[in-house]
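If you want the building blocks of each chain, they are given just below.
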Amino acid sequence: MTTEAPEAVTPLFEVFVRSKQGLDHKHVGSLHASDAQHALTLARDVYTRRQEGVSIWVVPSNAITASDPALKSDNFDPMASKVYRHPTFYDIPDEIGHM
Amino acid sequence: MYTQAFDIVVAGETSPVADDGDVQTAFLARIARDEKIEPQDAMPEAYRKTLIRQISQHAHSEVVGMLPEGGWITRAPSLKRKEILLAKVQDEGGHGLYLYSAAETLGVTRESLVEALHAGKAKYSSIFNYPTETWADIGTIGWLVDGAAIMNQVPLCRCSYGPYARAMIRICKEESFHQRQGFDIVRSLCEGTPAQKAMAQESINRWWWPTLMMFGPHDSDSTHTGEATDWGIKRISNDALRQKFVDVTVPQAAFLGLTLPDSAIMWNAERGHYDFGKIDWDEFWRVVKGDGPCNAARVSDRVAAFDEGRWVREAAAAHAAKSALSKASLKVAA
Ligand SMILES: [Fe+2]
Ligand SMILES: [Fe+2]
């Protein structure tokens, strides 16, 4: 049994995969690796075994700054009243046709 | 597979105390609205603890689940079967990773979870404590064990905890290949020589009951299912899933010309389901509590693999430290 010193914690990386040329990289999950290069190799083995991607980004998880979920309504609710930002807010006469 | 965790609380793990009412009420309202809970969201301590237990047991099951099959990779009867089995076992390792990552979002380290497994303090699915004695067992595991796992895992794709649900979606996408390759092995044996068919039948005889046990105790004996249901973690009960599994498997076995080792299996037109016999729950609890045919071997194999891999982890860490250092000195020199 392993009862010696506790294992050192290997850094955590977030993995982003571009599924097809021309599309955005999308977050697919995370993994542990000793460094970024190692993380890339592991990400290829874990997240693209069925041709799920053509490009991979890895980012140390602790490099990500996230918005506070407690401020969700402060941050995002005000946009609900700004309907004029959407094209559907405006009436276009039928005579004009597509705009 | 591996939702036995709802029913199997590890000794020494106490149920956490109730949280303050505010968190609880707001949380239950979100669950009722079918909202997903994300890592930074407020959640009751009991929900967090239940998820850690459930997700980590699930992760351990994926990882320990590589052992019964891994031993057959070199003995698979053809290059094609070797490649397929290798790919399947590799998938299971990946499933373990997805799930450990999901558990880590709840504020535990993977290292601590793995340590608990190695110390014999954490559980994993009872099914992996049975031996794989013949090549037919590899077919049976894919067909029945992965089949039962899929039945269990599909509803988890809708579970309330975002990271767990997303991991399950990824896993379910990969599982269906596992079941089909297993069915394909069993089918080849059934269409082969009488000896091959007999090997398939003998394998089904051994795995059928342990597979039914994978769904966990009867709903009437399942003490934690209530909470797990209220919290949107468990969507379908143990007995309902088990019945569904029996209903789809009986015709498949008939197609293969195999007999399921239960004389009570019979179509019940009134219920619209197959009836089946009584499960030996003593055996189930014996295996869960550590007394199955392979419990000790599974844990010691995991510990050995971990210990033998230590030098690799240490070398990778040393390499990372060294290249970080040389990058830093290049910057100074520039
Ligand atoms: Fe799996
Ligand atoms: Fe599987």
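All of the points below concern the structure found in this document. Keep in mind it's a predicted model, so treat the numbers as computed, not measured.

This part takes up the pattern of salt bridges. Within this structure, the stated rule accounts for 23 salt bridges over all chains. Residues Arg50 of chain A and Asp91 of chain B are paired through a salt bridge, measuring 2.5 Å at the closest nitrogen-oxygen approach. Residue Arg50 of chain A is found in the loop between helix H1 (36–47) and strand S3 (55–60), and its partner Asp91 of chain B is found in helix H4 (residues 79–104); the two belong to separate chains. We classify Asp91 of chain B as buried; its relative accessible area is 1%. In this structure, Glu191 of chain B and Arg187 of chain B form a salt bridge, with 3.0 Å as the shortest nitrogen-oxygen distance. What emerges from the salt-bridge pattern is a single network uniting Arg49 and Arg50 of chain A together with Asp91 and Glu174 of chain B.

Moving on, we come to the interface of chain B and chain A. Contacts between the two partners involve 28 residues from chain B, matched on the other side by 23 residues from chain A. Broken down residue by residue, the surface that chain B buries against chain A is led by Leu97, Glu111 and Arg170 of chain B, which jointly contribute 22%. One can count four salt bridges joining chain B with chain A. The salt bridge involving Asp91 of chain B is made with Arg49 of chain A; its shortest N-O contact spans 2.7 Å. Taken together, chain B and chain A are joined by ten residue pairs in polar contact (both at pLDDT 80 or more). Tallied by class, the residues present in the side of chain B that touches chain A amount to ten nonpolar, seven polar and eleven charged.

Another aspect to go through is the coordination of the iron ion (ligand 1). Residue and element names in this part refer to chain B. On the protein side, the iron ion (ligand 1) has Glu62 (OE), Glu92 (OE), His95 (ND1) and Glu175 (OE) as donor atoms, found 2.1 to 2.3 Å from it. Around the iron ion (ligand 1) sit four donor atoms, and with donor-metal-donor angles ranging over 81 to 156° the site reads as irregular. Donor residues binding the iron ion (ligand 1) come from one chain and are separated in sequence as E-x29-E-x2-H-x79-E. The metal-metal distance between the iron ion (ligand 1) and the iron ion (ligand 2) comes to 3.3 Å, with Glu92 coordinating both.

Cut-offs used in this document
Residues numbered from 1 in each chain as written. Chains lettered and ligands numbered in written order. Predicted model: local features only at pLDDT ≥ 70, side-chain atom pairs only at ≥ 80, totals over all residues. Heavy atoms only, no water. Salt bridge = Lys/Arg side-chain N within 4 Å of Asp/Glu carboxyl O. Helix = DSSP H or I, 4+ residues; strand = E, 2+ residues; numbered from the N terminus. Buried < 20%, exposed > 50% of the residue type's maximum accessible area, 1.4 Å probe, protein only. Contact = heavy atoms within 4.5 Å. Buried area = accessible area lost by both parts, 1.4 Å probe. Polar contact = N/O pair within 3.5 Å; in protein donor to acceptor, adjacent residues only side chain to side chain. Nonpolar A, V, L, I, M, F, W, Y, C, P; charged D, E, K, R; others polar. Donors = N, O, S within 2.8 Å, 3.2 Å for Na, K, Ca; no water. Tetrahedral: all angles 85-135°; square planar, octahedral: opposite > 155°, others 65-115°.

Everything listed here is a matter of coordinates, which is why it stays silent on function.
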